[in-house]
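As a plain string of letters, each chain reads:
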Amino acid sequence: MPFYLRKLPLEIPPPTEKEWIKKEEEEALFLKDPDQIIDDLPQPLQMVNKLVTLLFERAWDIIEGREQCQVMKKQHPPPTRHWPSAEFQVVGRANCLAASQEHVFVGLSTGLSVFSTATCEKLSAWDLARLEMCTLHASDLDNNSQVLGTVDEMGLAHLFYFSKENLLHVKAINEVEDISKRNTCVRLELSQRGDYAAFLLQGNLEVWLEVYRLPKDSWQKEAEHVQTSILTAPGLNSAPASSRDRRLSTATQRSVDFRSLDTSGESTEEQDLQQLLNRECKLSPPALLMKVRSPKLLTGSTFKNPYEALMKSDDGTVVGLGQNHMIKDSQWERLDEIFNRTFQQYLEFESKEEKFSHAMFHFHGAGRTLPIGMENKGEPDIPVALSLHWSTSHNLCFYLLSRPPKEKIDSDPKPDIVWPCAAPIILSTVTPCSSHLAFVCEDETITVWDKSLGFPLFVTVLPDRYVVRSIQFMPRSPPPRNKALSPGKYPACTEVRLLVLCADGSLHLMTSRAKEFSTKILVYKPEDPSQAISATATVPSLTNAVLTCSWGGTVSLIDTATEATLCHFITPPPYRVTTPWHPVFTVDPDGKYLFLQGYEQSGSMKAETGSNRSTIFLFDLTSLSETSSQDNECPPASLEDLPWDRRCDVFLNNSMQQLSTISQQMPDCWSQLQMYVATLQGEAQEK
């Protein structure tokens, strides 16, 4: 076997003088190829150089962002300090607030109370069971009354009817005699006019949704009959009448000192009257409309052939949920085995605990995305459908509220419309008039639909570092009161703005117009964690402003047009915002007042959690309309509140105006085209 032996030792020969590069040639070489220095570096140093370059670029981006923020702060004046115009105290700890045009409802640790917005006086209360209210929703009815939905600490959902300063308990939705069969309410929603209510219940590893039709007309008649019979009874009409006269006289006196007003007490006669009303007045219970259970997990098919699966399917007019398929268990197991083997290193820390399936749902009015409702022109505000999406499903399901008369309540109805998505839906929201729908998928895809016209406005994805926590639509300018809007007087406002709050505390604004889409960051991720935004709210009267509350307890009003902070809402010392990570505040439907809860700070934990009283501060927002920038692109009156036939007339009228403009431009376009053709023919003849 041949082999080779080196005679001389293994050494690197020294370079000769002829191979040396002259100084002039060396400078010229580096000038011609500046990257030659980087290419000559060994591999570890090349990686280090790339990391240093990347670090420098990120640091430069941060420096530019800070510089831009400082420039913006110099351009805008410092925010003003807005003090409360009134305050009132409540007995117990306030956990939730809801407001109407004339009243504010407070969910307390001892029950539910109602206060007047004008006088800050306590009007009524329900504290018979001494239950702690954790969630509160209110919906205005036609007859200057409200329907309330609450969830207490035990997970029981309650319905209340408030009319003529009397708060009446209607029913506990999920109350059962056997405590072992009790289920809890996770979420509730009321329709815009109080026609329907939906409750998400869970118990025994099962989650389902119950939808009720509310007999609000019957409630009004029954409440008036009981109130008349009680007030006409001997010995009971004197005290309440004098009390009601006192309230009316107080409401007319605007010079009352709100800061010294104590509304925690109530006369014994009024308490007895309220208890008597709740005991004697038995309102009609709501009617269960349908019961929807969470979707089943996809399992292997039991069909022997495609014909059996086809027979189980519907007529094909509605997209199904994917339950009737032909995939066998063996195919599922084979796919799971391949997936687990491929991504085994990422599945070691995966939790195998069984979790409840949560859902979000909204009521919808008529629109082109729904098969019914457009023919009902007289009552456009009545909802016609309910949208529902589960946390474990890729489908957005719509259920029509006009159910067949022969359908069983517990039949678990199939959805009438199914919108399949590429990823599970985690968040959704609708406008108050239900004309637009927005939802966020698990892959951070944000989609906004125009339901009145039946097409999507935009689909966008936030960068990877942003995780969406909440979304809500910005309000539009309200139509003028007591003034009819003729079709074509105002053009349709095509601008839709969506407010997106991310988990890192940043706030984004997405704007969609007729032919463009834009997104901008209103608030960047703060360096100080106490300045991160914990909650946001919109103000109906301020279309270009948004309320924010930070983890440090600072409540601010931000102008979305200029990205400047207009003012800070300050509670008088020694009060601070209660639980800034979950603040208790609300805005009335007209956007005139902000109600904010505060606690008295005395340096001890007992003052924060053990106090028997809470203070609600009232801030007047009408004076801030001049400081906020007005939206000039939208018309002074929005068309959202118009009936659908009027809306279509305005839309067609605007289309005709655009068509007439295009027809006027057509002769010029034809003449330019003829001149261009003549020029081309002349050039061709010359060649």
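Enquirer: Report on the pairing of strand β19 (residues 425-430), specifying residues and quantitative values.
Expert: Two elements, β19 and strand β20 (residues 436-441), share five bridges in a ladder whose sense is antiparallel. Of the residues in β20, the one forming a bridge with Ile425 is Cys441.

Enquirer: I'd like to hear about unusual backbone geometry, residue by residue, with values.
Expert: In this chain, Pro573 is followed by Pro574 through a cis amide linkage whose omega measures 5 degrees. As for its position among the elements, Pro574 is in the loop between β30 (565-569) and β31 (575-577). The backbone of Cys120 shows a phi angle near 60 degrees, a positive value even though the residue is not glycine. The backbone of Glu563 shows a phi angle near 60 degrees, a positive value even though the residue is not glycine. Topologically, Glu563 is positioned in the loop between β29 (555-559) and β30.

Enquirer: Quick one: what's the story with the confidence of the model for the chain, residue by residue and with numbers?
Expert: Per-residue confidence for the chain gives a mean pLDDT of 77, with 70% of residues at or over 70. Throughout residues 236-267 the model reports pLDDT below 50, and contacts reaching past four residues in sequence, or to other chains, amount to 43 contacts. Contacts of residues 632-638 to residues separated by more than four positions or lying in other chains number 20 contacts, the stretch itself having pLDDT below 50.

Enquirer: Give a detailed account of the pairing of strand β28 (residues 542-550), specifying residues and quantitative values.
Expert: Of all nine residues making up β28, nine are buried, and the element is well covered by its neighbours. As paired strands, strand β27 (residues 533-539) and β28 are joined by six bridges and run antiparallel to one another. Looking at the pairing, Val539 lines up with Leu542 of β28. Where β27 folds back onto β28 in an antiparallel hairpin, the turn is made up of two residues. The pairing of β28 with β29 spans five bridges and is antiparallel. Bridge assignment links Cys549 to a residue of β29, and that residue is Val555. Between β28 and β29, which follow one another and run antiparallel, lie four residues, and Gly553 among them has a positive phi close to 95 degrees.

Enquirer: Talk me through the sheet that holds strand β15 (residues 359-364); I want residue IDs and the actual numbers.
Expert: Working definition: the strands of a sheet are paired by backbone hydrogen bonds and lie parallel or antiparallel to each other. Taken together, four strands build an open sheet; the order of strands is β15-β16-β17-β18 and the sheet is antiparallel. Edge positions in the open sheet fall to β15 and β18 (417-420), since each of these has one partner strand only. Strand-to-strand twist in this sheet, taken as the mean axis angle between neighbours without regard to direction, amounts to 20 degrees. Where strand β16 (residues 385-390) and strand β17 (residues 395-400) come together, four bridges link them in antiparallel fashion.

Enquirer: Mind laying out the packing of aromatic side chains, listing which residues take part and the relevant values?
Expert: Within this structure, the stated rule accounts for 12 aromatic pairs. Seen from their ring centres, Tyr196 and Phe363 are 6.2 Å apart, and the 25 degrees between their planes marks the pair as stacked. Of this pair, Tyr196 sits in strand β12 (residues 196-203) while Phe363 sits in strand β15; the two residues are 167 residues apart in sequence, bridging distant segments of the chain. Judged by its relative accessible area of 9%, Tyr196 falls in the buried class. An aromatic cluster of three or more residues is present, and its members are Phe398, Trp419 and Trp449. Lying across the ring of Phe361, Arg187 places its NZ or CZ 5.9 Å from the centre.

Enquirer: Can you tell me about the sheet that holds β28, naming the residues and giving the values?
Expert: Sheet architecture is open: five strands sit in the order β1-β30-β29-β28-β27, paired in mixed fashion. Each having just a single partner strand, β1 (80-82) and β27 make up the two edges of the open sheet. Shown here is a sheet whose adjacent strand axes are inclined to one another by a mean of 30 degrees, direction ignored.

Enquirer: Lay out the layout of surface pockets with the relevant residues and their values.
Expert: Volume-wise, the second largest pocket comes out at about 1,700 Å³. Taken together, 41 residues form the lining of the second largest pocket, with Cys69, Val523, Tyr524, Lys525 and Pro526 sitting closest to its centre. Secondary-structure elements contributing two or more residues to the lining of the second largest pocket are α3 (43-75), β26 (517-523), β28, β29 and β30. A per-element tally of the lining of the second largest pocket places α3 first, with 11 residues. Split into classes, the residues belonging to the lining of the second largest pocket amount to 16 nonpolar, 14 polar and 11 charged.

Enquirer: Tell me what's going on with the environment of Val418, and back it up with residues and numbers.
Expert: The topology assignment puts Val418 in strand β18. Of the residues examined, Val418 reaches a relative accessible area of 6% and is grouped as buried. Considering only alpha carbons, one finds Val418 and Phe398, 20 residues apart in sequence, at a separation of 6.4 Å.

Enquirer: Describe the pattern of salt bridges, naming the residues involved and giving the relevant values.
Expert: Scanning the entire structure with this criterion turns up seven salt bridges. For Glu224, the salt bridge is made with Lys164, and the minimal N-O distance between the two is 3.8 Å. Remark: Lys164 occurs in the loop between β9 (157-163) and β10 (166-172) and Glu224 occurs in helix α4 (residues 216-231); sequence separation between them is 60 residues. The partly exposed category is assigned to Glu224, whose relative accessible area is 33%. Given a relative accessible area of 51%, Lys164 falls into the exposed group. For Glu189, the salt bridge goes to Arg187, with nearest N and O atoms at 3.2 Å. The class for Glu189 is buried, based on a relative accessible area of 17%. Taken together, the shared-partner salt bridges in this structure form one network comprising Glu495, Arg513 and Glu516.

Procedures and definitions
- Residues numbered from 1 in each chain as written.
- Predicted model: local features only at pLDDT ≥ 70, side-chain atom pairs only at ≥ 80, totals over all residues.
- Heavy atoms only, no water.
- Pairing = 2+ DSSP bridges.
- Helix = DSSP H or I, 4+ residues; strand = E, 2+ residues; numbered from the N terminus.
- pLDDT = per-residue confidence, 0-100.
- Contact = heavy atoms within 4.5 Å.
- Buried < 20%, exposed > 50% of the residue type's maximum accessible area, 1.4 Å probe, protein only.
- Axes fitted to C-alpha atoms, helices over the stretch in contact; angles between N-to-C directions.
- Phe/Tyr/Trp six-rings, centres within 6.5 Å; stacked < 30°, edge-to-face > 60°.
- Lys NZ or Arg CZ within 6 Å of the ring centre and 35° of its normal.
- 1 Å grid on protein atoms, 1.4 Å probe; cavity = no way out; pocket = protein on both sides within 12 Å on 5 of 7 lines; lining within 4 Å.
- Points joined across faces, edges and corners; volume = space filled by probe spheres on them.
- Nonpolar A, V, L, I, M, F, W, Y, C, P; charged D, E, K, R; others polar.
- Salt bridge = Lys/Arg side-chain N within 4 Å of Asp/Glu carboxyl O.

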